[in-house]
Every structure is written in C-alpha cells, then in structure tokens.
Amino acid sequence: MRAQKPCSATQAILDRFGDASFADATALRKALVPEIRALLDEGRNEAERILNERKNGLACAHCLSATMDQAIQTIHDVVITVLYPLNNPTSGERLCVVATGGYGRGTLAPGSDVDLLFLLPYKKTQWSESVVETMLYVLWDLKLKVGHATRSIDECIREAEGDFTTRTAILEARYLTGDTTLYTDLKNRFEHELVKSSAAEFVDAKLRERDRRVEKAGESRYLVEPNVKDGKGGLRDLQTLMWIVRYVFGPIRKPSELVKAAAITPHEARQFFRCEEFLWRVRCHMHFAAGKGEERLTFDLQNALAPRLGYTATTTLSAVEQFMKAYFLVAKEVGSLTAQLCAVLEARHAKRRPMLDRQIESVLQDGSILESGDFTFDNERLTLARGDAFMTDPVNLIRLFWLASRHNAPIHPDALRLASQQRRLIDAALRKNPEANRLFLDILTSRNAPDVVLRLMNEAGVLGRFVTEFGQIVAMMQFSMYHHYTVDEHLLRSIGFLSEIEAGRLQHEHPLASSLTVPNRRELYVAMFLHDIAKGRPKDHSVAGERVARRLCPRFGLSQEETDTVAWLVRNHLLMSNTAQRRDLSDPTTIRNFAEAVQSMHRLKLLLMVTIADIRAVGPGVWTGWKGELLRALYFETEILLGGANADLAHHARMAKAQATLRAALSDWPDEAIDAYLGRHSPAYWVRVYESRRVKHARFVRETELSGRSMAATVETDKFRGATELTVFAPDHPRLLAIITGACAASGGNIVDAQIFTTIDGHAIDTITLSGAFERDEDEMRRGRRIATIIERALKGEVKIADLVESRRPRLRADKPFKLKPKISIDNTLSQKHTVIEISGLDRPGLLYDLTTALARLNLNIASAHIVTFGEKAVDVFYVTDLTGTKILHSGRQTAIRRTLLDVFEPEGGKTASARQASP
C-alpha cells in the first residue's frame, strides 16, 4: 500500500524500466545507478544554487533531503515493480522505508549520512530481504554513506526501551515510501508504550548525552576551530532541544510551534530559526568547499568560507575574523536558548541543582534571608522575588550575580532569561553607579569561582553592557593556531586559573605562584580581567589596554596607586613570558633590564601570577613544565637584584656555590679530576645550568672520555616539564647545532629550547629540549635514542643530515591558511658579549635546521638559542658572535645576515634556499 503517487521524474524512470527485463539484481543496478546519479546531481546543483543565491542554509538542506527522498522512492518503486513484483502479497510481505536521524528531520547537508529504517510487520521474508539488499546495493553503488537497520515493529519498540539512541531515531522518523500502515503502527505504539511514561528519563538521558558529546568535541563553544555539528553551541544542541521538547510537548517540528506550547517566546522562536539557518548555511558551505562531510570549521575552511558568506575585512578585523565573530555570537545565542528551554523543562522535571563551585559548600536554603528583598530562592536557585525587580532598581542586574557569587548559589534560568531581556536597562548612569561598580568588583575578586559568575554575566549579555570595552571583544577570535578560544573566553578562563592558583588547587604545577601572598587582590584580578581587553584595535593591544585600564580602574573604585599598578600590568603582561622564553637568563643584561622594568617585588609577584594564568588560559597543552621552569628562574634571578644585591657579586657567589655543590656531588672522583673538570667551564655555565643537570653533565662527559670516545649523545625524559632532554658532547665546530637540529627535524622532534656551551678546551656540551610527543616514557626514550644515533652517525660522517631532512620535509602548500611576513632584528644592547638575532615567521618542519644552517654558513658562533612557537608563528632567538668572539657591529655584515635569514623563508620548489646551499 502506498501513500502517494510517484513524482514525474520517478514515473518517467518507471516507464523506461517498466518494459525492460533484467536477468538479476546486478543487471538492474547497472542500469538504474546512472539514472539515480543524474537525479541526485541535478538536485545537488539546485541546492548549491539556492545556498549561493538565496543564502539560506535550511532551504539548501531541505532541497538535498527532498532530492534524496525522490531517489529512494524511485529505487524502491523500480525494485518492487521490475525485479520483485507481488501479485498476491501475504501479510508478512510488506515493507516501509523510513528516514531517521538528520534525514528524518527533512534536512541533509551535502556530505551527510543517509539514515534509513526498513520496517517490517513482524519478521523477515525472502521477498523483503531481497528488496532491502537490492536497494542498499544501489545506494552503495552511488557512493552514498548509508546508515541502516532492518527491524520489525516489535523489535523497534524493544530496542527503544533500552537504548535512547534508537528511541531518538524513532522519535524523528519520517515516512518515505512503502506500506503506510506499518509506519502509523510504529508511531502509535512508540507514543503510547514509551513516550507517555518516560519523559523525565528521556530528558535526563539527552542532557547527559549532550554533556558527553560536548566534552568530546571541546568543552567551550568558543574554540577557534569549532565543530559546527557536535560542538557546544552547534547544530546538535538545537537538535537536542527539539528532541526533548517533542518528547515532552508532543509532535513539534518547528520553532514556532514551541511558542504555542509556551516553551519559548515569539522572539526566542525567531532567534532559534535564525541560529539554525545560519549554522546550516555554514555547514552546507563547509561540505561543498571541502568536498566531503567535514564538520570541524578548520582554519583552512574559515578562509574559504568567509568570502563565500559575504564577509569582508574592516580596519580592525580580517574577513575571517568578521565571519568567526558572527559564528561565535550565534553559538552564544544557542547557549542562551539552551538555558531558557531547560528552565521550562525543569519546571516539569525538577532536578537538584549543582553548586557554582563544588569546592565551597552552599549554606542557603529556600526561604533564607538575603541581603536584598528583591531576591529569593526557588528549588535552591537564586531568583527574583518580584518580576519588576530590574525595572525598579537596575542595580539589581549586577546584584543578582553578586548574590550568586557571595553565596555560591546558582541562578534560576528564569532570572537569567529576564536579565538578558532587560539588559538594556544598563546605561551610562548605571555604569557610573558606585554601588553597581562595588558589586562588580566584589564579583571579580570573589573566592567563589569568579569565572563562573562572570561567564553567566557574559552569556546573559550583562557583562558586555556594563563594561562596554568587554562587549567589544565578545565572540572575537584571533585567526591563529596559538589562541584556542575567543578573546572574551580567554579572559574568563585566565581569571578562573588565577583563582585556582590562589586557592592552592594547582600547587603541584605552580609551586612558586601558589606560595606567594598577594597583598592587593583587587590589582591582580582587575589586571587579569583587562589584560587583553583592547584586542582587535589598530594599536598594540597592550598599549591600548593600558589606556582602558586608566579609564576603568577609577570607575571600579580603585585608588590612583592601584590604577597605576593595574595599568602597568596590562601594558607589560607579556614582558615576563617574552623575557623568560626569548632571552638568555644567564646573561646579566637580561636580568638587569627586566628588573629595571619591574622595579619592585610587589609587581614581580603580580606579574608572575598574571603570566602563568594568561599562558594556561590560551588552551590545552600550551602550558608546560618547561615554561614554568624558565619563569621560576627569571623570578629568582630578578628577586636577587630587587633585593639590593650587586649583580656581579651575586654571579660570583652563585658560581662559587655551584662549583662547591658539584664538587660535593662528585666525591667519588679524584680531586685532580674534579679540579680539571671545574676548570673546563666558563662562568656562564655555572649560572645557566641547574644543579641536577651539572652533575649529569659531569658524569656523562667523564664516562664518554674514559670509554675512549670523542663524542656521545644521551637522552632523558622529564614528565613534570613534559619534555625530553637530548645532551650531546662533541668537539665544537660551527655546524654542530645545525646537525643536532637537523637530526631532530628528520625525526619529527619539536625543539623548545637549546642550551649551548663550549668548554675552554674546545668541546661542546649542548642540551636540546624537545617537547614531549608520547604518553609513555618508553616511546619518548625510543624517539630520543633514534635522534641520538642519527647525530652520532652524522658527526662520524656516516650520514648527511641535509639529505635526511629533505627526504622527510613535507611538501609546502601554496594555499596555506596563515601568511606571516618574516621579521629579523639584530640587537647589540641586549647582551654584554653577544649580538642577539631574533627571527620570527611562519613555522614549518625543519625551520630551525634551516636557520642554524644559514647561521653556520655565515660563520657565526651560536652561544645560546631560545625557541618559542605561538601556533603557526615561530620566534627563534640566537645569541651569536663572529669567529673572533666579538659582536656583529658592522652594518654591512648585519645586512648580509638579514638577507640570508630572510631567504630561509622564501621557498622554491618545496626546498628552502638555505637548504640548497652546502649543508652539514
């Protein structure tokens, strides 16, 4: 029994196939597949035209779904008419084809799977099995990704009882073709046997499922490479809401029907439709651009989609950044809709609420007395006592969040909803209101998860209205692999990490910062909140941020002295990180310059904490123990100077202490051997190298020489720092570092630092630090030993490093998503004895090898190297001298160095200019 007549295209194919005879299913498929392919191609072209001309993602998705409907109906009709006709079907010889999944909703993206349910009356028959098999083979021949199940109605109900995925599939099942009675029976039994008695169970399961999905895809909706389908704030969140409301409120298919069910307001229904259409537009463009079902909005696709979606650059934001800001604003709206609909569902299926901060117990219960009579508690959630609380006193828009922070109490979604709707009550007068600013400063400096409350303020749109400068960076992304989150999310995360450090919860990772006592928390938290507030402006964000801080701090109630400190921290929030990672910390000039900039221990403490929280908030994996070690070293070196000690005397004292400590550690050595070893090292060695490493160096060198070898390499892992150390002892020569970096490049090692020392008797002790690539130490050691073997063979002349690097070098892409103009600076003021060359540009495998090779060709001695990577951007700093041990002062020589190093960034046929020259 059929529910509709075949469409004209289907009828035309049926007419052509009606008189034909086919020996078997294979022959039919061979004839039918080109017909269906032509139908699908025509529909796909029409869908893409709709997407480009009408700029409507949902219309495109509906068109693709309708085309697929037509294809499947045609395949079904041809198969049962031409190949397996039934003149007198039995009760068991019936079949219904049902669309499920996204296809069941009547929407398909160009690369989506096609989910089908072949529904049977009670069991498989030879006829139904043959029909289903032939249909599937036709779909597979069309290269379609088909998800399918063949079940009876009883099997569907039984599966749905214990599996919420199956239950969801049946919930949005849509009739396609075949026996309509089977479809109707399934939907009726599903409604009466499952839905009516399990709404609360289904809601809870779907929300838990969403939490797991979001955790897998990336917790934040502000990840700069978001998953449009499964990420937080993506299409699946909207679909989950529709599943839930359909289960609870009945057969609802459109946002407008939610209004009739009193689930959302008409404005929210329009918001739902606008978000859904935008996300579908982005997703369809992604699939067309990628040529496959790509769901992650990668940097490559962001570049491709921005012009397709009509975005252009402004004076402050590129086209890509404009597009992604629009995307994240939509994701933010999806989050608000999720909270609002969940509030309605909670009213029907109330569940015990979580605390804002599980580390701190909430002591308030319903009916507790609050500081303001405008607020009360409903099911342990903070809410409004009167509906006009914001209208009568707009300060309540800030007080709501202050009370939540003060009492570690979650806010009822209804109160958040009203705060969002009435946020326009926040005007210039409220922004200047002393009480409102006092409450806000209390929220910002709270010990009760300040980032959680600030994020709620941001989601409601209150934070951006109250601090308009913050509103300018809401949903702003930076087109960079380094920054994992939007600017506003980064700021809130940095405050969260700062709070965790201060509470002592990250003591293992940050022992120094956790031990510090900060006398003025207001300075610390306001500076953290403002450190990136001026991102996206034409001027340097640190300089512009300082001006913002001087304007906002007095408004927040800070004194002039506090304002000066906050402004300095914002202006210099990158100073400690850049100094620790890019400068030689054993060079007295480095410490002296840094100490002169910091000026006081108070600022040093604040800057350390701001720096750590800032780095940690960039994204997972950005913080490493190695960075922590550098920051601690800089802190302690600066502490000596700020404490009034003479730098040179301090250096001599530390050198003497280091030698005495090493002598004690080598008590099993003969005195003359210890004296000889101590005399081999320059003063810089004793200052720069840590005690444990000095002992390892000594034993490694002695073991190598006693075994009669002139060179050796050793490997050690360091889990705390997330790094692997490779130490090489060999006769010194200018190309040694190039050989080491080349061996690392050929083995896929990412170098994060290099300590290079030349002994007085002409040997090199170079320690290269590689970022960890494996979870297990055994795997790290295996990689390290492989690199060490390559180095030893290269030093013996058994292999040529240049050939190894080139054989492993990936082909350079012409359409790289990131473009960075390389910059070279040569400075003779940053060190007493060395010229400092800083090189920044687009990172690539083997770049450090190319740079060190170029420096070797320039006959420069590298005293130390400092390697920093910011996503796609590499910043490599070399402390160098010429072959006579003097600085590079001649302007012509400096020009030649710049030209040669810039040449490294100019690829030709996938091979750099430096690599084409004679290499070690």
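Residues numbered from 1 in each chain as written. Predicted model: local features only at pLDDT ≥ 70, side-chain atom pairs only at ≥ 80, totals over all residues. Heavy atoms only, no water.

(A) Summary view of the confidence of the model for the protein. Predicted confidence across the protein gives a mean pLDDT of 86, with 90% of residues reaching 70 or more. The secondary-structure element of the protein with the lowest mean pLDDT is helix α41 (residues 913–916), recorded at 38, while helix α27 (residues 560–571) shows the highest, at 98. In the model, residues 350–354 has pLDDT below 50 throughout and makes 13 contacts with residues more than four positions away in sequence or in other chains. (pLDDT = per-residue confidence, 0-100. Helix = DSSP H or I, 4+ residues; strand = E, 2+ residues; numbered from the N terminus. Contact = heavy atoms within 4.5 Å.)

(B) Quick peek at the sheet that holds strand β2 (residues 114–120). Taking strand neighbours across the sheet as the criterion, the 4 strands line up as β3-β2-β1-β4 in an open arrangement whose pairing is mixed. Single-partner strands in this sheet number two, and they are β3 (146–152) and β4 (174–178). On average, each strand axis in the sheet is tilted by 25° relative to the strand beside it, whichever way the strands run. In terms of strand pairing, strand β1 (residues 96–100) meets β4 through 4 bridges, oriented antiparallel. Looking across to β4, one finds that C96 is bridged to G178. In the packing of helix α3 (residues 57–83) onto the sheet, the strands contacted are β1, β2 and β4, and the crossing angle to β4 comes to about 30°. Of the strands in this sheet, β1, β2 and β3 touch helix α5 (residues 126–141), which is tilted by about 175° from β3. (Pairing = 2+ DSSP bridges. Axes fitted to C-alpha atoms, helices over the stretch in contact; angles between N-to-C directions.)

(C) Broad picture of the pairing of strand β6 (residues 381–384). Sheet topology places strand β5 (residues 375–378) next to β6; 4 bridges connect them, and they run antiparallel. From the neighbouring strand, F375 faces β6, where its bridge partner is L384.

(D) Geometry of the packing of helix α7 (residues 164–171) against helix α10 (residues 235–249). Viewed as axis vectors pointing N to C, α7 and α10 meet at an angle of 75°, and their least axial separation amounts to 11 Å. Classed by the angle they form, the pair α7 and α10 counts as roughly perpendicular. Of the residues in α10, those touching α7 at R167, T168 and L171 are W243, R246 and Y247. (Parallel < 35°, antiparallel > 145°, perpendicular 65-115°, else oblique.)

(E) Geometry of the nonpolar core. In terms of nonpolar packing, the biggest core is built from 217 residues, with I72, L116, L297, F401, F440, F470 and L530 touching the most fellow members. Looking at this core element by element, the count peaks at 14 residues for α3. Those residues in contact with L530 that lie beyond four places of it in its chain are A549, L552, C553, V566 and V570. Among the nonpolar cores identified, the runner-up in size contains 50 residues, and M711, C744, A788 and L858 belong to it. (Core = buried A, V, L, I, M, F, W, Y, C linked by side-chain atoms within 4.5 Å. Buried < 20%, exposed > 50% of the residue type's maximum accessible area, 1.4 Å probe, protein only.)

(F) Summary view of helix α40 (residues 891–904). In a regular helix each residue adds 1.5 Å, so 14 residues correspond to 20 Å; α40 covers 20 Å between its end C-alpha atoms and thus fits that length. For α40, every residue scored as buried is listed here: Q894, I897, T900, L901 and V904. Down the axis of α40, the buried set is contained in an arc of 130°. They therefore lie on one face. Those residues of α40 that are exposed and angled more than 90 degrees off the buried face are S891 and R899. (Expected span 1.5 Å × (residues − 1). Arc of directions from axis to C-beta.)

(G) Geometry of the pattern of salt bridges. Within this structure, the stated rule accounts for 49 salt bridges. Linking E489 and R493 is a salt bridge whose minimum nitrogen-to-oxygen distance equals 2.9 Å. Separated by 4 residues within a single helix, E489 and R493 lie in helix α23 (residues 487–502), roughly one turn from each other. Residue R493 is classed as buried on the basis of its relative accessible area, which comes to 19%. Here R583 makes a salt bridge to E838, at a shortest N to O gap of 3.1 Å. Of this pair, R583 sits in the loop between α28 (575–582) and α29 (588–598) while E838 sits in strand β12 (residues 835–842), and the two are 255 residues apart along the sequence. Across the pair, E838 and R583 agree in class, each one buried. Where salt bridges share partners, they join D393, R399, E435, R438 and D442 into one cluster. (Salt bridge = Lys/Arg side-chain N within 4 Å of Asp/Glu carboxyl O.)

(H) Representation of the state of the cysteines in the model. Following the criterion strictly, the structure yields 0 disulfides and no others. With no disulfide partner, C63 has as its closest neighbouring cysteine sulfur the one in C60, 6.9 Å distant. Between C156, a free cysteine, and C96, which holds the nearest cysteine sulfur, the sulfur-to-sulfur gap is 10 Å. Here C156 falls in the buried class, since its relative accessible area comes to 1%. (Disulfide = S-S within 2.5 Å.)

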